[in-house]
Amino acid sequence: MPKFLTIGYGDQAGYDRTSQPVRDAAHAQDAMLRAEGALIGTAGKPVQVRNPEAAGPETRDGPFMSSALPVAGFAIIEAADMAEAVKKISGVPCAVAHGVVEVWPLE
């Protein structure tokens, strides 16, 4: 079955202004995805890694990319196609709590 990487963006303010029943349903959707075998995690503090000309790794704290909302988490899910992946992800916390989720097919 095809795999998809999802990247959730959201902040505490958006989460807090989302009604409790909607948040509860979103967390239930996450639990269902985990039960199906999805690997889901909350984003921690990133480190950038570079190794120009393979001369040795260089690291910098913090994200390389920036966006209007911070990265909140990641998942790897299985779905028959993009439409099914979108359907599965449309009910997760970042999608319903005023955030956004990107869905990337892994090829």
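Residue positions are given per chain, counting from 1 as you read along its sequence in written order. Per-residue local features of the predicted model are confined to residues with pLDDT of at least 70, and side-chain atom pairs are confined, for both listing and counting, to 80 or more; whole-chain, interface and lining totals are unaffected and use all residues. To obtain the side-chain values, all non-hydrogen atoms of the structure were used and water was disregarded.

The next point concerns the overall build of the protein chain. Here a helix means four or more residues in a row that DSSP labels H or I, a strand means two or more in a row labelled E, and each is numbered from the N terminus. Scanning the protein chain from N- to C-terminus turns up four helices and six strands. In the protein chain, the succession of α and β elements from N to C terminus is β-α-α-β-β-β-β-α-α-β. Considered along the principal axes of its C-alpha atoms, the protein chain spans approximately 50 × 35 × 20 Å. For the protein chain, restricting intrachain contacts to residue pairs at least 6 apart in sequence, the fraction spanning at least 24 positions comes to 70%. Here the accessible surface of atoms and residues is derived via Shrake-Rupley with a 1.4 Å probe, and residues count as covered only by protein chains that are part of the display. Only carbon and sulfur atoms are counted for the fraction: they give 60% of the accessible area of the protein chain, which is about 7100 Å². In this analysis, two residues are considered to be in contact whenever any of their non-hydrogen atoms come within 4.5 Å of each other.

Let us look at the pattern of salt bridges. A pairing counts as a salt bridge when a side-chain nitrogen of Lys or Arg comes within 4 Å of a carboxyl oxygen of Asp or Glu. Overall, the coordinates contain three salt bridges when judged by the stated rule. Of the charged contacts, one joins K3 and E78 as a salt bridge, the two residues approaching to 2.6 Å between their closest N and O atoms. Placement of K3 in strand β1 (residues 3-9) and of E78 in strand β5 (residues 71-78) is noted, with a sequence separation of 75 residues between them. For E78, a relative accessible area of 36% puts it in the partly exposed group. For K88, the salt bridge is made with E36, and the minimal N-O distance between the two is 2.9 Å. Under the scheme applied here, a residue whose accessible area is under 20% of the maximum for its type counts as buried, over 50% as exposed, and between as partly exposed, the area being computed with a 1.4 Å probe on protein chains only.

On to the packing of aromatic side chains, then. Each aromatic pair joins two rings of Phe, Tyr and Trp (for Trp, the six-membered one) with centres within 6.5 Å, and gets the label stacked for planes under 30 degrees apart, edge-to-face for over 60, and tilted for any other angle. The full count for this structure, using the stated rule, is zero aromatic pairs. Over the face of the ring belonging to Y15 we find R23, whose NZ or CZ atom lies 4.7 Å from the ring centre. Cation placement over rings: the criterion is NZ of Lys or CZ of Arg within 6 Å of the ring centroid and within 35° of the ring normal.

Another point: the side chain of D30. As for its placement among the helices and strands, D30 is situated in helix α2 (residues 20-35). Although D30 is buried, it forms no salt bridge, and the closest oppositely charged side chain is R34 at an N-O distance of 4.7 Å. Among all residues touching D30, those that are not within four sequence positions of it are I40, V92 and P93. For the purpose of charge, His is not counted, nor are the chain termini; Lys and Arg are scored as positive and Asp and Glu as negative.

Attention now moves to the side chain of R23. Residue position: R23 is located in helix α2. Nearest to the buried, unbridged R23 among oppositely charged side chains is D16, at 4.3 Å. Side-chain polar atoms of R23 contact the backbone oxygen of Y15, separated by 3.1 Å. Once residues within four sequence positions are removed from consideration, R23 is found in contact with Y15, D16 and T18. Polar contact is defined as a pair of N or O atoms within 3.5 Å, subject to the rule that within protein one atom must be able to donate a hydrogen and the other to accept it, and that residues adjacent in sequence are counted only when both atoms are side-chain atoms.

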